[in-house]
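# Close look at the chain arrangement
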Amino acid sequence: MTKDYRETVFLPDTAFPMKAGLPAKEPEILARWQKNDLYRQLRQDSKGREKFVLHDGPPYANGNLHIGHALNKILKDVINRSRQMMGFDANYVPGWDCHGLPIEWKIEEKYRAAGKNKDDVPIDEFRKECRDFAEHWIAVQSKEFQRFGVIGDWKDPYTTMSFAAEAQIVREIQKFVMNGGLFKGSKPVLWSIVERTALAEAEVEYQEHTSHTIFAKFPVVQASNPALQGTSIVIWTTTPWTMPGNRAVALSHDAEYVRLRVDAVAEKSLAKPGDDVVVAKDLAEAVAKACAIESYTLLATLKGAELLGSVCAHPLRGQGYDFDVPVLAGDFVTLDAGTGFVHIAPGHGADDYNLGIANGIEVPHTVDEDGSYFPHVPLFAGKRVLDDAGKEGEANRAVIEAITAAGGLLGRGRLRHQYPHSWRSKAPLIFRNTPQWFISMATNDLRKKALAAIDATAFYPPQGRNRLYAMIEQRPDWVISRQRAWGVPITVFENKLTGEILRDAAVNERIVQACLKGGADAWFTAKPEDFLGNGYNATEWKMVTDILDVWFDSGSTHSFVLEQRPDLQWPASLYLEGSDQHRGWFHSSLLESCGTRGRAPYDAVLTHGFTLDEKGRKMSKSLGNTVEPQKVIDLFGADILRLWVVSSDYSEDLSVGDNIIKAQADAYRRLRNTLRYLLGNLAGFQEAERLPVAEMPELERWVLHRLAELGRVVRESCEVYDFHRMYVALYTFCAVDLSSFYFDIRKDALYCDAPGTIRRRAARTVLDELFKCLTIWLAPFICYTAEEAWLTRYPSEDGSVHRQVFPALPEAWLDPALGAKWERVRRVRRVVTGALEIERAAKRIGSSLQASPQVFVAPEDVEALQGIDFAEICITSSVKVEVGEGPADAFRLEDVKGVAALPRQASGIKCERCWQVLDEVGHVQGHDDLCKRCAEAVAA
């Protein structure tokens, strides 16, 4: 009878299960971290270390977290954990943005549903509801962020609505008051009729929109060139409602223009035979087609410069629009579309405003905050551009009909194009001239300082620098006022008669102290004399009631987080957000800090892409392609979500969906099985077993060489936040170098060698090094699983893998010559294993141990195989290596030149313990069924 040798084999032994069960296991580990206060343990461990501070760009406190939040916060956590394990004090203070329109909008919706008007509610009561709403979502999001595995100061986060934060934001705006950077101006700004406020560029998105288009005639009443007498200049616009605000016409200085006489028109054309008009030469055919003009005669050709100095009449002259309309040169006029002339309404566009101001033209106020024309606007008073829901009002049609009736329309149409919308209400916006508060880009050289600060900042990826630089280089003055209620007010006193801003340090300090005690609400509930004191007549001053742009709030966070927390530092080591924040948080933080401190509040900026579905489409609820991170965690666990983040190239947009998540779960199993193999085969490992590197077989020294190479990749990747490279290197090492090669080879020695043999001791020593390195290196990625593996091997009440630092691996482990040699060995081995796979598939062999292949190699491969038990490396019972090409029927791989293999059956008897087929089996005294190695192991 065959004897059972299972009890003599050193099989793996570990409590680390193959099945992860992450949805149940992770909350247990999270509870342990919270009980032990891992965050405080790390702060204690880090005392005296160099600081690394990733300043948290505050998410908005108004709903459950989405997959974009998961990407952002997990990436931040990976950076913080890796920097902590690189030996820094990586303290992370999470924060929230709490003010602004989205929260205010939610409270207003509640009022509307109850039939109430927000304006009828006392402002302090309304603001308290907004505050309570934000507090609720902060608590919800905090719990969700922590479930992602994000470690930070969750017990004491920062919020922009804390009294101390609001007081500091007030201090920051006061700095611009005192240095002259803040001013009040009347400029056209993007205005939301639905939300009744100005919007910043960062709050605007562009969507498809259908606009009315008109070709309107401006009769020339004063010609700069005789060729213009008696003609009309034709403009084209997609915003007919802005025509009451027209005050000039712009052309291209260097373009050629033509005077045309209309000869024939199609049926229903608004043009009439005999119409005499001027348009750009290159656009004449397109204008004729658009206006259904069938033929025309060319009367004159002129350069744009020859038209300058001419004066036109408004198409509605005689009906309240009797001012002159000068012809001006505008460098923004192009010949891409239209007529080559642009109608200038200084109150309804940035280019229009700038050109008007430069030429001394008035900036009229034509449209009120509700989108209706002011009462003083002739013909159209009270008519609305858009209604309260953002739908088109009667203004466009009324203007078109009036100009048509006056004989001023050459043509009309509709155009589908990209148009600015509010990213919150999704309603179209208008440019509207309105008094607003601005921070000047010129005063105190703010633009110059900001551009210099960009040049002094490191960007990841590098192209982020160019994007931000271009924005700052071209941006207009910063509109910081909003006509809303929930936020930090612009705490400024304005003289009722002169409009002068009060600049008084004592008054400013009284305002700050009131905000420290009662928050920004103090500004709305106090009287002017409470702040002005005895030095001023309160009846002469009015308190500004506008609130600050929330981007100013978040742009000021560096001042009340980095500067005021002793465990942090200013400037931050890193700011990290999505690439849209070049126009958002990166931008506002840069301007705020440069305007008050002369430099950026960060040393480096990192941007990540957006999340897309598996087809590369933007996620939206209407498409049904959103991925909820909470559901992923409930099904697979947070570590799978974290693997998705690090396995993706975050510098580009990232796709995610069911198939991608399942692929990450498969990849995770490979990593988990690697850790399980290590744990199982390290059972009972003692320091006495450890073998010096010099005494190890080449195979083990090669593994240590690869480990040292990997250590360099890990540190290099972490230095530049290239976690994709690090993940690929770690995963490939586990899957290819270890699982498919080293583990496969050494399983025999680990299971069957006697405990004291060199080979087994060397393997266990290397496994020990592998476990420590891999578990620590993987900890920033799969934080829960790394902790589980670490505690399986090193159980303790308060220990954690996250309290470790990346191992400092000996330089002596690096052996490039050995690495090159083993690349050759593995190259030859690939041919052998390929030949054996064919034999196994054909069922001529079962295990590779039943084979004794004959291998044919080139002379240069022989040297690499010298001193190596190649049968052990191929996991065969024996092998024969010869120099030569081998017979024609030998197995070859196309990409491995000079190597061939003939699979042969091994001769001899199978050892009942290790299953090798050897001639010596049956000839070992006292152990007829064992090989010599197994007989010695059993006897020991």
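Each helix and strand in the chain was counted, giving 29 helices and 32 strands. Since a compact globule built from 940 residues should have a radius of gyration of about 30 Å, the 38 Å found for the chain marks it as more spread out than a globular shape. Taken along its principal axes, the extent of the C-alpha atoms in the chain is 125 × 75 × 50 Å. Expressed as a percentage of its 940 residues, the buried residues of the chain come to 57%. Excluding contacts between residues fewer than 6 apart, the proportion of contacts in the chain whose partners are at least 24 apart in sequence is 78%. With the model as given, the accessible surface of the chain reaches about 38,800 Å², and the carbon-plus-sulfur share is 51%. Both charge centroids of the chain, one from 112 positive and one from 128 negative side chains, sit 2 Å from each other.

Compared with the 30 Å implied by 1.5 Å per residue over 21 residues, the 30 Å span of helix α24 (residues 758-778) between its first and last C-alpha is a close match. Taken across its 21 residues, α24 has 18 buried, putting it largely inside the fold.

Three or more residues of helix α29 (residues 932-939) are buried, namely Arg933, Cys934, Ala935 and Ala937. Against the buried residues of α29 lie α23 (723-752) and α24.

Nonpolar side chains in soluble globular proteins generally cluster together in the buried interior. Of all hydrophobic cores here, the largest spans 162 residues; its most connected members are Leu641, Phe723, Tyr742, Leu770 and Trp777. If you tally residues by element for this core, the top one is α23, at 15 residues. Here Leu641 is in contact with Ile67, Ala70, Ile74, Phe148, Pro629, Val632, Ile633 and Ile661, once residues within four sequence places are set aside. Ranked by size, the runner-up nonpolar core spans 63 residues in total, among them Ala450, Ile480, Leu568 and Tyr575.

A few words now on the sheet that holds strand β5 (residues 197-198). Overall, antiparallel pairing links the four strands, which are arranged β5-β4-β16-β18 in an open sheet. Each edge of the sheet is formed by a strand with only one pairing partner; in this case those strands are β5 and β18 (478-479).

Here we take up the pattern of salt bridges. Between side chains of opposite charge, pairing is possible as soon as their charged atoms come close. Enumeration over the complete set of coordinates arrives at 68 salt bridges. Between Lys25 and Glu28 there is a salt bridge; the shortest N-O distance is 3.6 Å. Taken together, the positions of Lys25 and Glu28, both in helix α1 (residues 22-36) and three residues apart, correspond to about one turn of that helix. We classify Lys25 as partly exposed; its relative accessible area is 28%. Connected via shared salt-bridge partners are Glu700, Arg746, Asp748, Asp753, Arg759, Glu872 and Arg933.

In this section: empty space enclosed by the protein. Summed over all chains, the structure comprises six cavities of 30 Å³ or more. Quantified by volume, the largest cavity comes out at close to 100 Å³. In this structure, the largest cavity is lined by Tyr39, Leu42, Arg43, Asn80, Arg81, Gln84, Met85, Ala90, Tyr92, Ile151, Gly152 and His802. Of all the secondary structure elements, the ones that give two or more residues to the lining of the largest cavity are α2 (38-45) and α3 (67-85). Ranked by residue count, the leading element in the lining of the largest cavity is α3, at four residues. Along the lines of polarity and charge, the residues of the lining of the largest cavity split into six nonpolar, four polar and two charged.

Here the structure, examined in full by the defined rule, presents 32 aromatic pairs. Between Phe215 and Trp236, the ring centres sit 6.4 Å apart and the planes meet at 45°, which makes this aromatic pair tilted. Within this pair, whereas Phe215 is found in strand β6 (residues 204-222), its partner Trp236 is found in strand β7 (residues 232-237), the two being separated by 21 residues in sequence. Among the residues examined, Phe215 registers a relative accessible area of 6% and is labelled buried. Put simply, the rings of Trp96, Phe145, Phe148 and Trp154 touch in pairs and so form one group of aromatic residues. Of note, Arg83 hangs over the ring of Phe88, and the distance from its end group to the ring centre comes to 5.6 Å. The residue whose ring lies beneath Arg432 is Trp191, and the NZ or CZ to ring-centre distance is 4.4 Å.

Bringing the sheet that holds strand β29 (residues 891-893) into the picture now. Where strands meet in a sheet, backbone hydrogen bonds hold them as pairs that are either parallel or antiparallel. On the basis of which strands lie adjacent, the open sheet formed by four strands has the order β28-β27-β30-β29 and mixed pairing. Strands with a single pairing partner mark the edges of an open sheet, and in this sheet they are β28 (880-883) and β29. Strand-to-strand, the axes of this sheet are offset by a mean angle of 25°, without reference to chain direction. Two strands pair when backbone bridges link them, and strand β27 (residues 854-857) and β28 are joined in this way by four bridges, in the parallel orientation.

The N-to-C vectors of helix α21 (residues 658-681) and helix α25 (residues 783-793) enclose an angle of 10°; their axes lie 11 Å apart at closest approach. Judged by the angle between their axes, α21 and α25 are roughly parallel. Where α21 abuts α25, its residues Tyr668, Arg672, Leu675 and Leu679 lie against Thr785, Glu788, Ala789, Thr792 and Arg793. Partitioned by chemical class, the residues of the contact of α21 with α25 number four nonpolar, two polar and three charged.

Let us look at a negative patch on the surface. A cluster of acidic side chains, namely Asp649, Glu652, Asp653 and Asp722, defines a negative patch on the protein surface. Mapped onto the fold, Asp653 is located in the loop between α20 (638-647) and β26 (654-655). When its relative accessible area of 41% is taken as the criterion, Asp653 is described as partly exposed.

So, on to unusual backbone geometry. Cis geometry is found at the peptide bond from Tyr460 to Pro461, where omega equals -10°. Pro571 follows Trp570 through a cis peptide bond whose omega is 0°. In this structure, Pro571 sits in the loop between α17 (557-562) and β23 (574-578). You will see that Lys843, though not glycine, has its phi angle at about 60°, which is positive. One non-glycine residue, Trp915, lies in the positive phi region at around 70°. By the secondary structure assignment, Trp915 is in the loop between β31 (909-910) and β32 (917-918).

Here we take up the confidence of the model for the chain. The predicted model of the chain has a mean per-residue pLDDT of 91, with 99% of residues at 70 or higher. Taken element by element, the chain is modelled with least confidence in β5, mean pLDDT 77, and with most confidence in strand β1 (residues 54-55), mean pLDDT 98.

Bringing the state of the cysteines into the picture now. This model, assessed by the stated rule, comprises zero disulfides. Cysteine Cys98 is unpaired, with the sulfur of Cys130 as its nearest cysteine sulfur at 11 Å. What makes Cys98 buried here is its relative accessible area of 0%. Of all cysteine sulfurs in the structure, the one in Cys718 sits closest to Cys783, which takes part in no disulfide; the separation is 15 Å.

To continue, consider the packing of helix α22 (residues 698-719) against helix α26 (residues 816-841). Between α22 and α26, the shortest axis-to-axis distance is 10 Å and the interhelical angle comes to 115°. Of the possible angle classes, the one that applies to α22 and α26 is roughly perpendicular. For the crossing formed where α22 meets α26, the hand is left-handed. Between α22, through Glu698, Leu699, Arg701, Trp702 and His705, and α26, the contact on the second element is made entirely by Pro816, Leu818, Gly819, Lys821, Trp822 and Arg826. The residue makeup of the contact of α22 with α26, split by class, is five nonpolar, two polar and four charged.

Turning our attention to the side chain of Ser310. In this structure, Ser310 sits in the loop between α8 (304-307) and β12 (311-313). Within the structure, Ser310 has its side chain in polar contact with the side chain of Ser224 (distance 2.8 Å). There is a polar contact of 2.9 Å between the side chain of Ser310 and the backbone oxygen of Leu307. Ignoring anything within four residues of it in the chain, the contact list for Ser310 reads Gln222, Ala223, Ser224, Leu228, Val325, Pro326 and Val327.

Analysis parameters
- Residues numbered from 1 in each chain as written.
- Predicted model: local features only at pLDDT ≥ 70, side-chain atom pairs only at ≥ 80, totals over all residues.
- Heavy atoms only, no water.
- Helix = DSSP H or I, 4+ residues; strand = E, 2+ residues; numbered from the N terminus.
- Rg over C-alpha atoms; globule rule 2.2 N^0.38 Å.
- Buried < 20%, exposed > 50% of the residue type's maximum accessible area, 1.4 Å probe, protein only.
- Contact = heavy atoms within 4.5 Å.
- Areas by Shrake-Rupley, 256 points an atom, 1.4 Å probe, with all protein chains shown as cover.
- Lys, Arg positive; Asp, Glu negative; His and termini not counted.
- Charge placed at Lys NZ, Arg CZ, Asp CG, Glu CD.
- Expected span 1.5 Å × (residues − 1).
- Core = buried A, V, L, I, M, F, W, Y, C linked by side-chain atoms within 4.5 Å.
- Pairing = 2+ DSSP bridges.
- Salt bridge = Lys/Arg side-chain N within 4 Å of Asp/Glu carboxyl O.
- 1 Å grid on protein atoms, 1.4 Å probe; cavity = no way out; pocket = protein on both sides within 12 Å on 5 of 7 lines; lining within 4 Å.
- Points joined across faces, edges and corners; volume = space filled by probe spheres on them.
- Nonpolar A, V, L, I, M, F, W, Y, C, P; charged D, E, K, R; others polar.
- Phe/Tyr/Trp six-rings, centres within 6.5 Å; stacked < 30°, edge-to-face > 60°.
- Lys NZ or Arg CZ within 6 Å of the ring centre and 35° of its normal.
- Axes fitted to C-alpha atoms, helices over the stretch in contact; angles between N-to-C directions.
- Parallel < 35°, antiparallel > 145°, perpendicular 65-115°, else oblique.
- Patch = residues over 30% accessible without salt bridge, like charges linked within 9 Å, V, L, I, M, F, W, Y side chains within 5 Å.
- pLDDT = per-residue confidence, 0-100.
- Disulfide = S-S within 2.5 Å.
- Left-handed = near helix turned anticlockwise from the far one by under 90°.
- Polar contact = N/O pair within 3.5 Å; in protein donor to acceptor, adjacent residues only side chain to side chain.

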